[in-house]
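Structural description and commentary
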Amino acid sequence: MNLLSILFSGLASLSWGQVLMLGVGGLLIYLAIVKEYEPVLLLPIGAGALLANLPLSPLVGDGGMLTLLYNAGVGNELFPLLIFVGIGAMTDFGPLLEQPHMLLLGAAGQFGIFGTLFLALLLGFDINEAASIGIIGAIDGPTSIYVSNLLAPHLLGPIAVVAYSYMSLVPIIQPPIMRLLISKKERRIRMPYSENPVSRRTRILFPIVVTVVVGLLVPMAIPLIGMLMLGNLMKESGVVERLVGASANEIANVVTLFLGLAIGATMQADAFLRKETLLILILGIFAFGLDTAAGLLFAKFLRWIVHGPLNPLIGAAGISAFPMAARVVQKVAQDEDFENFLLMHAMGANTAGQIASVVAGGVVLSLFAAR
Amino acid sequence: MKHYTVHIGEKTYRIGVQALQDAEHLQVWVDGRTLEVHVQAEADVSETAGGAPTPAPASPVPAAPADTDTTATALRAPMPGVILEVNVTAGARVQRGDQLLVLEAMKMKNRIRSPRAGVVAEIFVQPGQNVNYDDPLLRYGEG
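Residues numbered from 1 in each chain as written. Chains lettered and ligands numbered in written order. Predicted model: local features only at pLDDT ≥ 70, side-chain atom pairs only at ≥ 80, totals over all residues. Heavy atoms only, no water.

Okay, the overall build of chain A next. The helix and strand tally for chain A stands at 21 helices and 0 strands. The globule rule puts the C-alpha radius of gyration for 371 residues at 21 Å, and the 21 Å found for chain A is close to it. Each of the 371 residues in chain A was classed as buried or not, and the buried ones make up 57%. Considering only contacts within chain A whose residues lie at least 6 apart along the sequence, 78% involve residues at least 24 apart. Summing over all exposed atoms, chain A offers an accessible surface of approximately 15,500 Å²; the carbon and sulfur share of this is 71%. Side chains of chain A carry 19 positive and 21 negative charges; the gap between the two charge centres is 9 Å. (Helix = DSSP H or I, 4+ residues; strand = E, 2+ residues; numbered from the N terminus. Rg over C-alpha atoms; globule rule 2.2 N^0.38 Å. Buried < 20%, exposed > 50% of the residue type's maximum accessible area, 1.4 Å probe, protein only. Contact = heavy atoms within 4.5 Å. Areas by Shrake-Rupley, 256 points an atom, 1.4 Å probe, with all protein chains shown as cover. Lys, Arg positive; Asp, Glu negative; His and termini not counted. Charge placed at Lys NZ, Arg CZ, Asp CG, Glu CD.)

Residues and elements named next belong to chain A. Viewed as axis vectors pointing N to C, helix H6 (residues 78-90) and helix H11 (residues 141-151) meet at an angle of 155°, and their least axial separation amounts to 9 Å. Classified by the angle between their axes, H6 and H11 sit roughly antiparallel to one another. Handedness of the H6/H11 crossing: left-handed. Of the residues in H11, those in contact with Pro80, Leu81, Ile83, Phe84 and Ile87 of H6 are Pro142, Thr143, Ile145 and Tyr146. A per-class count over the contact of H6 with H11 returns 8 nonpolar, 1 polar and no charged. (Axes fitted to C-alpha atoms, helices over the stretch in contact; angles between N-to-C directions. Parallel < 35°, antiparallel > 145°, perpendicular 65-115°, else oblique. Left-handed = near helix turned anticlockwise from the far one by under 90°. Nonpolar A, V, L, I, M, F, W, Y, C, P; charged D, E, K, R; others polar.)

A word on the interface of chain B and chain A. Counting from both sides, the interface comprises 26 residues of chain B and, opposite them, 17 residues of chain A. Summed over both partners, the interface of chain B with chain A comes to about 2,000 Å²; 64% of that surface belongs to carbon and sulfur atoms. Among the residues chain B hides against chain A, the three largest losses belong to Met106, Met108 and Tyr133 of chain B. Together they make up 31% of the total. Our enumeration of links across chain B and chain A arrives at 1 salt bridge. As a salt-bridge pair, Glu339 of chain A and Arg96 of chain B come within 2.8 Å of each other at their nearest N and O atoms. When contributions to the side of chain B that touches chain A are tallied by element, the ones reaching two or more residues are strand S3 (25-30), strand S4 (33-39) and strand S10 (108-113) of chain B. Considering each element in turn, the side of chain B that touches chain A owes the most residues, 5 residues, to S10 of chain B. Across the side of chain B that touches chain A, the residue classes tally to 13 nonpolar, 7 polar and 6 charged. (Buried area = accessible area lost by both parts, 1.4 Å probe. Salt bridge = Lys/Arg side-chain N within 4 Å of Asp/Glu carboxyl O.)

This structure, assessed with the given rule, holds 6 aromatic pairs over all chains. Geometrically, the ring pair formed by Phe298 of chain A and Phe301 of chain A is tilted, given 6.0 Å between the ring centres and 45° between the ring planes. Within this pair, Phe298 of chain A and its partner Phe301 of chain A are both found in helix H19 (residues 275-306), separated by 3 residues, close to a single helical turn. Relative accessible area serves as the criterion here: at 40%, Phe301 of chain A is assigned to the partly exposed category. For the ring pair Phe301 of chain A and Trp304 of chain A, a centre distance of 6.2 Å and an interplane angle of 35° mean the geometry is tilted. With Phe301 of chain A and Trp304 of chain A both in helix H19 and 3 residues apart, the pair spans about one turn of that helix. One aromatic cluster is present, formed by Phe298, Phe301 and Trp304 of chain A through successive ring pairs. Its end group placed over the ring of Tyr140 of chain B, Arg116 of chain B keeps NZ or CZ at 4.5 Å from the ring centre. (Phe/Tyr/Trp six-rings, centres within 6.5 Å; stacked < 30°, edge-to-face > 60°. Lys NZ or Arg CZ within 6 Å of the ring centre and 35° of its normal.)

Taken together, 4 strands build an open sheet; the order of strands is S10-S9-S7-S12 (chain B) and the sheet is antiparallel. Because the sheet does not close on itself, it has two edges, and the strands there are S10 and strand S12 (130-131) of chain B. (Pairing = 2+ DSSP bridges.)

On to the sheet that holds strand S6 (residues 74-76) of chain B. As summarised here, the arrangement of the 4 strands in space is S6-S13-S11-S8 (chain B), forming an open sheet in which the pairing is antiparallel. Looking at the sheet topology across the chains shown, the edges are occupied by S6 and strand S8 (93-94) of chain B.

With that settled, the discussion passes to unusual backbone geometry. In this structure, Pro323 of chain A follows Phe322 of chain A across a cis peptide bond, with omega equal to -5°. Of note, Ile139 of chain A is a non-glycine position whose phi angle comes to about 50°, a positive value. Position of Ile139 of chain A among the secondary structure elements: in the loop between helix H10 (127-134) and H11. A positive phi angle is found at Asp134 of chain B, which is not glycine, with a value near 80°. Relative to the assigned elements, Asp134 of chain B resides in the loop between S12 and strand S13 (136-141). Asp134 of chain B sits in the buried class, given a relative accessible area of 18%.

Counting residues in each nonpolar core, the largest one holds 131 residues, and the members touching the most others are Ile133, Ile314 and Val329 of chain A together with Leu101 of chain B. Contacts of Ile314 of chain A, omitting those with residues within four sequence positions, involve Met102, Leu105, Met191, Val329, Leu342, His345, Ala346 and Ala349 of chain A. Tyr13, Val17, Val28 and Val30 of chain B belong to the second-largest nonpolar core, a separate cluster that totals 10 residues. (Core = buried A, V, L, I, M, F, W, Y, C linked by side-chain atoms within 4.5 Å.)

This brings us to H11 of chain A. Of all 11 residues in H11 of chain A, 10 are buried, a share of seventy percent or more. Residues Gly141, Pro142, Thr143, Ser144, Ile145, Tyr146, Val147, Ser148, Asn149 and Leu151 of chain A constitute the buried set of H11 of chain A.

Moving on, we come to helix H5 (residues 65-74) of chain A. Residue and element names in this part refer to chain A. Of all the residues in H5, the buried ones are Leu66, Leu69, Gly73 and Val74. Projected down its long axis, H5 carries its buried residues within an arc of 75°, all on one side. If you follow the buried residues of H5, they end up packed against helix H4 (39-53), H6, H11, helix H12 (156-167) and helix H17 (241-265). (Arc of directions from axis to C-beta.)

The next thing to look at is the pairing of strand S11 (residues 118-123) of chain B. Residues and elements named next belong to chain B. Two elements, S8 and S11, share 2 bridges in a ladder whose sense is antiparallel. Bridge pairing in S11 places Arg93 opposite Val119. Pairing between S11 and S13: 4 bridges, direction antiparallel. When the bridges of S13 are listed, Val119 appears paired with Gly141.

Between two packed helices, what matters for the description is the angle formed by their axes and the separation of those axes. Residue and element names in this part refer to chain A. In contact at an axis separation of 10 Å, helix H13 (residues 170-181) and H19 are set at 40° when each is read in the N-to-C sense. Relative to H19, H13 is oriented oblique. The way H13 lies across H19 gives a crossing that is right-handed. Contacts between H13 and H19 involve Val170, Ile173, Gln174, Ile177, Met178 and Leu181 from the former and Ile285, Phe288, Gly289, Thr292, Ala293, Leu296, Leu297 and Lys300 from the latter. Class assignment of the residues belonging to the contact of H13 with H19 gives a composition of 10 nonpolar, 3 polar and 1 charged.

Quick look at the structure:
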């Protein structure tokens with residue numbers, strides 16, 4: 001009898017909430033494997049959720065590996081910042097440097113952050129929670145994790161899950177909004193590829209100048225922009241190939257695994273199974289839609305001002321989801337006219353969106369972190 | 001910007017011409033479409049962007065030569081990238097819209113489809129080859 005109760009102690013202490021969370025973990029793993037939704041992150045997150053919700057799991061709690069990982073790199077923001085070094089080392093800002101005006105579209109693509117923030121406030125979230133939910137509108141996983149962990153760590157799990165799962169849905173969320181707001185005639189506007197070679201010196205100076213300028217203007221953005229641009233500086237310098245390779249591959253991969261597991265482990269039943277999670281799920285898709293709409297409308301406005309050939313579709317790429325958003329633009333434009341190639345323009349807007357989302361994260365932090 | 005009205009056969013095109021960085025690089029609007037045109041010293045006109053289904057692009061620039069060499073019959077790379085597939089062979093008859101090549105740019109596979117009907121005379125690229133913007137990919141022949 002005693003032996004049986006020892007053998008079944010795990011089963012006996014299984015709560016309904018944990019059963020549900022095992023289901024959520026399973027669902028994330030399913031989405032990662034079968035649907036291939038951001039598998040690199042959703043699979044570790046799902047596995048982390050599964051492992052953390054097994055009753056009596058020694059992986060969580062004092063000395064547990066998942067708790068250890070959380071304390072080592074999520075609680076203190078180390079992991080998202082290391083990932084930014086890798087993103088910087090992988091990103092080619094060439095398309096943006098060739099068309100610097102795309103920076104405006106990147107800024108417009110951040111509108112969803114503030115729109116969602118206000119809606120979240122109306123729904124009863126406190127200001128720090130609302131800001132963290134709004135940052136889903138940056139459509140940038142590591143930025144969302146970085147900001148929400150500082151402002152509202154108890155919402156980190158749902159926010160990270162929502163940010164990453166919707167990011168993989170960009171090709172599904174964006175096209176209907178693009179077709180709704182941009183007329184068929186506008187979608188057919190051709191934009192000639194502007195060959196505008198960027199010198200090596202410009203490419204090297206760019207990350208340094210951006211870091212200094214953004215750092216002086218928005219000190220709270222220094223960690224994010226500093227690490228992103230450090231990676232990019234190493235890439236463009238051409239003299240530290242091994243460091244670039246390590247940042248973009250080994251470090252980014254290892255840290256992604258650790259980050260995913262640790263975030264999955266924060267998804268404990270009592271913290272995750274609340275109506276807030278459901279609201280975040282809804283607000284998240286609202287943020288994505290609002291970003292897209294704002295980017296498109298701003299691009300229309302820009303076209304009206306410059307009078308040149310500007311296809312408003314590229315406004316949808318002014319978000320951080322790289323390179324999905326730019327590909328969506330290319331695809332929607334080609335559905336109308338197969339001779340139209342907007343990819344490079346969209347990539348310019350897309351990389352601008354990456355920079356703008358990091359800056360927006362810093363702005364949100366400086367507005368609210370002091371409270 | 002200068003405006004022209006050009007009559008070709010029974011068709012009329014409204015055309016706007018504007019110099020870009022110098023007098024050799026022009027941006028040309030043809031019935032709402034935008035093209036960038038490069039006029040070289042020997043009066044050789046090469047259309048450098050957009051692809052052109054209408055017969056107009058070669059004509060709006062003054063001093064355009066009447067003879068059309070490869071610049072007029074070539075299909076050019078719309079952006080830099082790597083050729084992944086070549087889907088036609090020399091001598092193939094293609095319709096407008098037929099897939100000719102696959103060009104990978106920014107890790108995205110882009111189908112390059114034929115802007116016109118015709119016969120493929122010559123293919124200048126092979127799978128795995130890097131191409132720059134405006135490199136000729138293939139040439140159409142007569143027939």
